[in-house]
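Residue strings, one per chain:
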Amino acid sequence: MAEKKVYFFGGGKAEGKAKMKELLGGKGANLAEMSALGVPVPPGFTITTEVCTHFMKTGGKYPKGLENDVKTALKKVEKIMGSRFGDHRNPLLFSVRSGARISMPGMMETVLNIGLNESTITGLIDKSGSERFASDAYRRLITMYSDVVMEKAAGIEPKEGMGIRQQLEKEMRKIKKDKGVKFDTQLDANDLKKLVQIFKKKVKQVLKKEFPDDPYEQLWGAISAVFRSWNGKRAIAYRRIENIPDEWGTAVNIQTMVFGNMGESSATGVAFTRNPATGENKFYGEFLVNAQGEDVVAGIRTPQAINKVSKTDASKHLPSLEELMPKLYKQLAQIRTKLEKHYRDMQDVEFTIQDGKLFMLQTRVGKRNGAAAVRMAVNMCEEKLISKKEAILRVNPEQLDELLHPMLDPKAEKKAEKLASGLPAGPGGGIGQVVFTADDAEAWAKKGKKVILVRDETSPEDVHGMRAAKAILTAKGGMTSHAALVARGWGKCCIVGCGDLNVDAVKKTLSANGKILREGDWISLNGTKGIVYEGQISLLPADPEKNVYYKKLMTWADKLRKLNIRTNADNPHDAKMARNFGAEGIGLCRTEHMFFGPDRISAMREMILADDEAGRKKALKKLLPLQRKDFIGIFKVMDGLPVTIRTLDPPLHEFLPNDQASQKEMAKQMGVTVETIKAKVQSLHELNPMLGHRGCRLGITYPEITEMQVQAIIEAACNVAKRGIKVHPEIMIPLVGTKTELTNQRELAVATAEKVIKKTGVRVKYLVGTMIEIPRAALTANEVAEVAEFFSFGTNDLTQMTFGYSRDDAGKFLPGYIAGKILPADPFQTLDQTGVGQLVDIGIKRGRSTRSNLKVGICGEHGGDPKSIEFCHKVGMNYVSCSPYRVPIARLAAAQAAVYPMR
Ligand code: PEP
Ligand code: MG
């Protein structure tokens, strides 16, 4: 551990800086940076993440010297503030907050007002001139402290509803009821003073311990509770979802308290330097007068807008900060500009106004949805804030998915019955069955159901259910509420602050505008507009082409990338869609998909059932025109772009029915006995079909299959070429392990193709190449390349065969492997660069050693995975091929791969 464990900030100075996130956490690093920038930040200090790791490893011990370091830093704060911690005349109070390297919203603990006790409260009363305010601060401290430090951090797990926080809240409700008032604000100083004493008694009674009066005891209690909260249930759950390593730990920020609840000239708020939902370059935020930070996100009071553009339906009748406190708004807007210029990215800030004085409590890079990320990147580049390359790196390729995501069909939407409306926190359309708890959402989704999680408001405890749900709907909360932040981060459809909604999570019903819906009822959300509908509305595919920012960013990306992007498609519709998304060819057309149609499967089965070559040829003849037609359709759509067509790959049993009834039906159709079918199924049965009679092994045993397919491909090519359409077919032989296998199939393909060309008199150019999906092919790629004009890495099979994990059965153990960290990720999703990647690298190098111009691509699922694409770029592939919807993601990922080394 480094010698320095505590970093001071304040008074225009700081020991840390923004780059020190690993040590100081995001919050601490940015507080230091802001302080050094001259932005008004309440002074304080940060205890490093290294201390947290030490604390965890030693079962709750602090490193030597920490106590002294804290004292020294505390003295510096006292000097700047001109007040003292624990002083009854002029007391200094602290907030104690967590701050990990990456923001984990609401997942860890915070304690405010540390340092208040029976004697310092007198000083606070004098300072604030309000006995009510001081007692309110005290009762908040008791609530938070007893909950976070004395209960949670102590490992006490009370029965449902019996937590100390709930018990204290019950006492508060009792006092309000006795007094006949509804709101906390209606309680006066005497009520709150009484409440403080009741709270203290209750704490003692429930937790069997006095609420600590000593400010230092409070401070250390809070510090250790924050450290411990790193290993709290919800923090762990969040880390699993977001792939945050457990080893990082959290820093602890101890900062001078400033109060937004000191009366009408005080306020607290949150803001984004640009609109996080649309990306528009407008200052956007909300605040509450006479409130503490937690009140804004809690969603209990309706927050006011900071300016006109931030006004929503809910806040339009309330004055904005600009209207209410114009000078302070101006100062805030200036800070906004300063921060954006300095950080060169959109910032998410928290501020407090204490008695007419503005303080910035936090700044961090703001979360945004995909559409906003794209717009901001393009705008900021055009504003000369960032370069084109930086703009490319600003958008997470996966986020493009949101732009590509479906929306509710506007026509159907017009006719649909509106149930309620709220704030549009996460764009796109969402359709699902209503569930009321996070656990239900998870359980239903596991059963394959589409659900929408409906809550009064969400809390970090709900993240697993929010993740599982198609969309999220909450009755309370603003655009910066927990639900909105989390959904935005994930790009999930989400509506918050839906005031019309009454949610009863116990009875599992929701009511809105006189309607009652129950668990399992269907609703549809328009997350872009914030409207909830009853029933199911159809979804329309997204149309990113209309988004000018997206188009611009993609043009930049296309210029920068070195990899070509192709698609895996086996019909004209998918091919067309992929072209619209920017595909530059087909990297894999799986012909077996063409044999499953109702008009084809019987001819296919006839071929399989045939006893001899003549019988097979007869059946194949029926398939030939159908295949040809398919290829013509695809060639037309691809219009001169390369199209890689793979000869038959799966084991033949996949085309035969397994169950009795279907076998009977098939026997009837084919005019044979059920026994014949059964016998054939039996004879095709393999113990390891994925390692059995499939791929080129089929074409070698039954050359007539390859012949028919090549004939169909080349006839289709000649047909369209004759009509003046350019065509570049690439015939691909699957599952090759030896050069001889490929030679066999290549000779067959070339002979067939030449026969067609001669017959039609149309000269089309074609290539014959192979998939590299068997380790032996990769290792002997120099030999294979002598007869292959291109390689396409089939990393699905290559992963299967390199790991020895069955693609179809790995689901039984892979999730456990990943959870248990036996594997860092699912190798079928993201390429295992260490192992499988070696074979890819060797395959390319050896292949090009004998054929220097060998064209190389990838067509396994990894071709659409950003990390794997970066690898494909590094090893010098020519293209990646992925499913149509992932084409834009691959385009951007390929550009990023090209930009990384240039940064
Ligand atoms: C592969 O194995 O990576 C591949 C693309 O082929 P398939 O998934 O059809 O086996
Ligand atoms: Mg394969």
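Residues numbered from 1 in each chain as written. Chains lettered and ligands numbered in written order. Predicted model: local features only at pLDDT ≥ 70, side-chain atom pairs only at ≥ 80, totals over all residues. Heavy atoms only, no water.

Novice: Help me understand the overall build of the protein, please; the structure alone is not making it clear to me.
Specialist: In terms of helices and strands, the protein carries 35 helices and 34 strands. In summary, the protein has a C-alpha radius of gyration of 33 Å against a globular reference of 29 Å for 903 residues, a match within 12%. C-alpha atoms of the protein, sized along the principal axes, occupy 105 × 60 × 50 Å. For the protein, with 903 residues in total, the buried portion stands at 55%. The long-range share in the protein, meaning contacts at least 24 apart out of those at least 6 apart in sequence, stands at 68%. With the model as given, the accessible surface of the protein reaches about 38600 Å², and the carbon-plus-sulfur share is 51%. Taking the 136 positively charged and 105 negatively charged side chains of the protein as two groups, their mean positions are separated by 3 Å. (Helix = DSSP H or I, 4+ residues; strand = E, 2+ residues; numbered from the N terminus. Rg over C-alpha atoms; globule rule 2.2 N^0.38 Å. Buried < 20%, exposed > 50% of the residue type's maximum accessible area, 1.4 Å probe, protein only. Contact = heavy atoms within 4.5 Å. Areas by Shrake-Rupley, 256 points an atom, 1.4 Å probe, with all protein chains shown as cover. Lys, Arg positive; Asp, Glu negative; His and termini not counted. Charge placed at Lys NZ, Arg CZ, Asp CG, Glu CD.)

Novice: Explain the pattern of salt bridges here, please?
Specialist: It is possible for side chains bearing opposite charge to pair when their charged atoms get close. Inspection of every chain in the model, using the stated rule, returns 58 salt bridges. The salt bridge partner of Lys204 is Glu210, with a shortest N-O separation of 3.7 Å. By relative accessible area, which is 39% here, Lys204 ends up partly exposed. Residue Glu210 is classed as exposed on the basis of its relative accessible area, which comes to 56%. Taking the shortest distance from any N to any O, the salt bridge between Lys739 and Glu786 comes out at 2.7 Å. A residue pair is termed long-range when its members are at least 10 positions apart, and Lys739 in helix 28 (residues 739-760) and Glu786 in the loop between helix 30 (781-784) and strand 32 (790-793) qualify at 47 residues. Overall, the relative accessible area of 27% leaves Lys739 in the partly exposed class. Three or more residues joined by partner-sharing salt bridges are found here, namely Glu109, Asp147, Lys152, Arg165, Glu169 and Arg234. (Salt bridge = Lys/Arg side-chain N within 4 Å of Asp/Glu carboxyl O.)

Novice: Even after reading the chapter, I still don't get the coordination of the magnesium ion (ligand 2), so can you show me in this structure?
Specialist: Geometrically, a metal with four donors at the corners of a regular tetrahedron has ideal angles of 109.5 degrees, and one with six donors at the corners of a regular octahedron has ideal angles of 90 or 180 degrees. Listed as protein donors to the magnesium ion (ligand 2) are Glu773 (OE) and Asp797 (OD); their distances from the metal cover 2.0 to 2.1 Å. Residue Glu773 is located in the loop between strand 31 (767-772) and helix 29 (775-779), and its partner Asp797 is located in helix 31 (residues 795-803); the two are separated by 24 residues in the primary sequence. Classification of Glu773 by relative accessible area gives buried; the value is 1%. The exposure class of Asp797 is buried, given its relative accessible area of 3%. (Donors = N, O, S within 2.8 Å, 3.2 Å for Na, K, Ca; no water.)

Novice: Quick question: what am I supposed to make of the packing of helix 4 (residues 120-128) against helix 5 (residues 131-152) here?
Specialist: Two quantities define a packed helix pair, namely the angle between the helix axes and the distance between the axes. It is at 8 Å that the axes of helix 4 and helix 5 come closest, and there the two elements cross at 135°. Taken together, the axis directions place helix 4 and helix 5 in an arrangement best described as oblique. The two elements helix 4 and helix 5 cross, and the hand of that crossing is right-handed. In this structure, helix 4 contributes Ile121, Leu124, Ile125 and Ser128 to the contact, and helix 5 contributes Glu131, Phe133, Ala134, Ser135, Ala137 and Tyr138. (Axes fitted to C-alpha atoms, helices over the stretch in contact; angles between N-to-C directions. Parallel < 35°, antiparallel > 145°, perpendicular 65-115°, else oblique. Left-handed = near helix turned anticlockwise from the far one by under 90°.)

Novice: Looking at this structure, I do not really get the pairing of strand 13 (residues 357-365). What am I missing?
Specialist: Taken residue by residue, a regular strand's side chains alternate between the two faces of the sheet. Of the strand pairs in this sheet, strand 12 (residues 347-354) and strand 13 are connected by eight bridges, and their pairing is antiparallel. Its bridge partner being in strand 13, Thr352 is matched across the sheet by Phe359. Taking the residues that link successive antiparallel strands as the turn, the strand 12-strand 13 hairpin has two residues, and the phi of Asp355 there is positive, at about 45°. (Pairing = 2+ DSSP bridges.)

Novice: Would you mind going over the packing of helix 31 against helix 33 (residues 836-850) with me for this structure?
Specialist: Running from N to C, helix 31 and helix 33 cross one another at 120°; their axes reach a closest spacing of 9 Å. Relative to helix 33, the element helix 31 lies oblique. Crossing handedness for the pair helix 31 and helix 33: right-handed. Here Thr795, Leu798, Thr799, Thr802 and Phe803 of helix 31 come into contact with helix 33, specifically with Val836, Leu839 and Val840. Looking at side-chain class alone, the contact of helix 31 with helix 33 contains five nonpolar, three polar and no charged residues. (Nonpolar A, V, L, I, M, F, W, Y, C, P; charged D, E, K, R; others polar.)

Novice: What is the right way to read the site of ligand 1 from this model?
Specialist: Surveying the vicinity of ligand 1 reveals 14 residues, the closest of which are Arg590, Arg646, Gly794, Asn796 and Arg807. At 2.8 Å, a side-chain N or O of Arg590 approaches an oxygen atom of ligand 1. The separation between an oxygen atom of ligand 1 and a polar side-chain atom of Arg646 is 2.9 Å. Burial of ligand 1 by the protein chains amounts to 96% of its free accessible area of 290 Å². The set of elements that each furnish at least two residues to the shell around ligand 1 consists of strand 28 (586-590) and helix 31. A per-element tally of the shell around ligand 1 places helix 31 first, with three residues. (Near = heavy atom within 4 Å. Polar contact = N/O pair within 3.5 Å; in protein donor to acceptor, adjacent residues only side chain to side chain.)

Novice: What is the right way to look at the nonpolar core in this model?
Specialist: Most often, soluble globular proteins keep nonpolar side chains buried together rather than apart. Judged by nonpolar contacts, the single largest core of 125 residues is most densely connected at Leu553, Phe635, Ile714, Phe791, Phe793 and Met877. Not counting the four nearest positions on each side in its chain, Phe791 is found in contact with Thr770, Ile772, Ala781, Val784, Ala785, Gly843, Gly847, Leu854, Lys855, Val856, Gly857 and Tyr879. In terms of nonpolar packing, the next biggest core, distinct from the first, is built from 82 residues, Ile142, Val149, Leu168 and Leu195 among them. (Core = buried A, V, L, I, M, F, W, Y, C linked by side-chain atoms within 4.5 Å.)

Novice: Sorry if this is basic, but what is going on with helix 35 (residues 887-899) here?
Specialist: The periodicity of an α-helix, 3.6 residues per turn, causes residues three or four positions apart to be oriented the same way. Helix length check: helix 35, at 13 residues, gives a terminal C-alpha distance of 18 Å against a target of 18 Å (1.5 Å per residue), a fit within 8%. Along helix 35, 13 of the 13 residues are buried, which leaves the element largely enclosed by surrounding structure. (Expected span 1.5 Å × (residues − 1).)

Novice: Just checking my understanding: could you explain the sheet that holds strand 31 for this structure?
Specialist: Adjacent strands of a sheet form backbone hydrogen bonds with each other and so pair up, either parallel or antiparallel. The strand order around the closed barrel formed by eight strands is 27-28-29-30-31-32-33-34, and the pairing between neighbours is parallel. For this sheet, the mean angle separating the axes of adjacent strands, direction not counted, is 25°. One ladder, built from four bridges, connects strand 27 (residues 564-568) with strand 34 (residues 879-882); its direction is parallel. In the strand pairing of strand 34, Asn564 is matched with Tyr879. Packed onto the sheet, helix 27 (residues 703-722) meets strand 29 (642-646) and strand 30 (728-733) and runs at close to 170° relative to strand 30.

Novice: Explain the environment of Asp639 here, please?
Specialist: You can see Asp639 is positioned in the loop between helix 23 (613-638) and strand 29. The spatial distance from the C-alpha of Asp639 to the C-alpha of Asn190 is 82 Å, given a sequence separation of 449 residues. Setting aside its immediate chain neighbours within four residues, Asp639 contacts Arg579, Ile725 and Lys726.

Novice: Got a minute to help me understand the environment of Ala753 in this structure?
Specialist: Assignment of secondary structure puts Ala753 in helix 28. In sequence terms Ala753 and Tyr766 are 13 residues apart; their C-alpha atoms lie 8.7 Å from each other. Discounting residues that sit within four places of it in the chain, Ala753 has contacts with Val710, Ile714 and Tyr766.

Novice: What is the right way to look at the environment of Glu417 in this model?
Specialist: By the element assignment, Glu417 lies in the loop between helix 16 (410-415) and strand 15 (418-421). Along the primary structure Glu417 and Glu606 are separated by 189 residues, whereas in three dimensions their C-alpha atoms are 52 Å apart.

Novice: Explain helix 2 (residues 49-57) to me, please; I cannot follow it from the model alone.
Specialist: Among the residues of helix 2, those classed as buried are Thr49, Val51, Cys52 and Phe55. Burial along helix 2 is one-sided: seen end-on, the buried residues are contained in an arc of 150°. Where helix 2 is buried, its residues touch helix 1 (21-37), strand 3 (44-47), helix 3 (66-81), helix 8 (215-229) and strand 8 (250-256). Just downstream of helix 2 lies Gly59, where phi reads positive at about 65°. (Arc of directions from axis to C-beta.)

Novice: Hey, could you run me through unusual backbone geometry in this one?
Specialist: In terms of backbone geometry, most residues other than glycine have negative phi values and most peptide bonds are trans. Although it is not a glycine, Lys208 sits at a positive phi angle of roughly 60°. When you line up the elements, Lys208 lands in the loop between helix 7 (189-207) and helix 8. Even without a glycine there, the phi angle at Asp355 is positive, about 45°. Mapped onto the elements, Asp355 comes out in the loop between strand 12 and strand 13.

Novice: I tried to follow the sheet that holds strand 8 on my own but got confused; where do I start?
Specialist: Read from one edge to the other, the open sheet built from six strands follows the order 2-1-3-8-6-7, with strand pairing classed as antiparallel. Unpaired on one side and paired on the other, strand 2 (13-14) and strand 7 (110-114) mark the two borders of the sheet. Bridge count between strand 6 (residues 94-100) and strand 8: seven bridges; the pairing is antiparallel. Bridging across to strand 8, Phe94 finds its partner in Thr256. Of the strands in this sheet, strand 1 (6-10), strand 2, strand 3, strand 6 and strand 8 are in contact with helix 1, which crosses strand 6 at around 120°.

Novice: What is the right way to read the pairing of strand 20 (residues 493-496) from this model?
Specialist: Taking every second residue as pointing to the same face, both faces of strand 20 are buried, with Cys493 and Ile495 on one and Cys494 and Val496 on the other. The pairing of strand 16 (residues 423-426) with strand 20 spans three bridges and is classified as antiparallel. Residue pairing in the sheet places Pro424 in a bridge with Ile495 of strand 20. Here strand 19 (residues 471-474) pairs with strand 20 via three bridges, running parallel. In the sheet register, Ala471 faces strand 20, and the bridge partner there is Cys493.

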